[in-house]
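# Secondary and tertiary structure notes
Residue-level listing of the chains:
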Amino acid sequence: GPLDGYDVQQIHIAQGRTPESMTVSWVTKSEAKTQVKFGLAYDKLEAVTEGYTTSYDFTYPNFGMYESGVIHHVTLTNLKPDTMYYYRCGDLESDVTSGLLSFKTMPAIGDQRPMKFGVIGDLGQTSDSRSTMEHVMMNPELAMILHAGDLSYADCNQTMWDTYGVMIEDLAKARPWMVGPGNHEIEYNTDGSIFLSY
């Protein structure tokens, strides 16, 4: 399953407020360091940034009690616009990390060149969902993915957020994956909270 073991999983990146920042997020089953090592060349990952973790519990009568994995977030700052960066995320001290990954930062603010975005909605987790992901991944010109709501279709079954994170990872770890809530993200926890897993 998506969380069997200690491995770094569900890696995804999100654009910061400016092209100079990017947040890298991932999930581990167990507590671990929250670190990203990155640089401008695949063989020169010289900068290390540490982040923070979150987790949550969710109880719903039809699905019982769910405890999330450890959700890691690291924000990289002072990045150069329109530049390829290489990175590894995870626990650098125990060498439990992702493989070598990369992303390209957005153009500088005020840059007049056109940009291409991939826009999807109502993705879910069907064979059509996987086909959509494969189709979007085939376009190397897409600078960012905008997911306009109805992401995982978990509908309170929290393990489906994990399988969704695994499904989108190949694309979401390389291009900023920006999301908005849809009606399927309205999930009522027994403590009265909503949008908790979103």
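Residues numbered from 1 in each chain as written. Predicted model: local features only at pLDDT ≥ 70, side-chain atom pairs only at ≥ 80, totals over all residues. Heavy atoms only, no water.

Another aspect to go through is the pattern of salt bridges. Counted under the stated rule, the structure contains eight salt bridges. One salt bridge in this structure joins Glu 93 and Lys 33, with 3.9 Å as the shortest N-O distance. Taken together, the residues span a long stretch of sequence, with Glu 93 in the loop between strand S9 (84–91) and strand S10 (96–97) and Lys 33 in the loop between strand S2 (22–28) and strand S3 (35–39) at a distance of 60 residues. As a salt-bridge pair, Arg 113 and Asp 111 come within 2.6 Å of each other at their nearest N and O atoms. A relative accessible area of 29% means that Asp 111 is categorised as partly exposed. (Salt bridge = Lys/Arg side-chain N within 4 Å of Asp/Glu carboxyl O. Helix = DSSP H or I, 4+ residues; strand = E, 2+ residues; numbered from the N terminus. Buried < 20%, exposed > 50% of the residue type's maximum accessible area, 1.4 Å probe, protein only.)

By secondary structure assignment, the location of Ala 14 is in strand S1 (residues 9–15). Looking at Ala 14, the relative accessible area reads 24%, which means it is partly exposed. Counting along the chain gives 131 residues from Ala 14 to Ile 145, while the straight-line C-alpha distance between them is 9.5 Å. The contacts of Ala 14, once residues within four sequence positions are left out, are Met 22, Thr 23, Pro 176, Trp 177 and Met 178. (Contact = heavy atoms within 4.5 Å.)

On to the packing of aromatic side chains. Within this structure, the stated rule accounts for seven aromatic pairs. On the basis of an interplanar angle of 55 degrees and a centroid distance of 6.3 Å, the ring pair of Phe 38 and Tyr 85 is categorised as tilted. With Phe 38 in strand S3 and Tyr 85 in strand S9, this residue pair connects regions lying 47 residues apart in the sequence. Take Phe 38 and Tyr 85: they sit in the same class, and that class is buried. Among the aromatic side chains, those forming a connected cluster through ring pairs are Phe 38, Tyr 85, Tyr 87 and Phe 103. (Phe/Tyr/Trp six-rings, centres within 6.5 Å; stacked < 30°, edge-to-face > 60°.)

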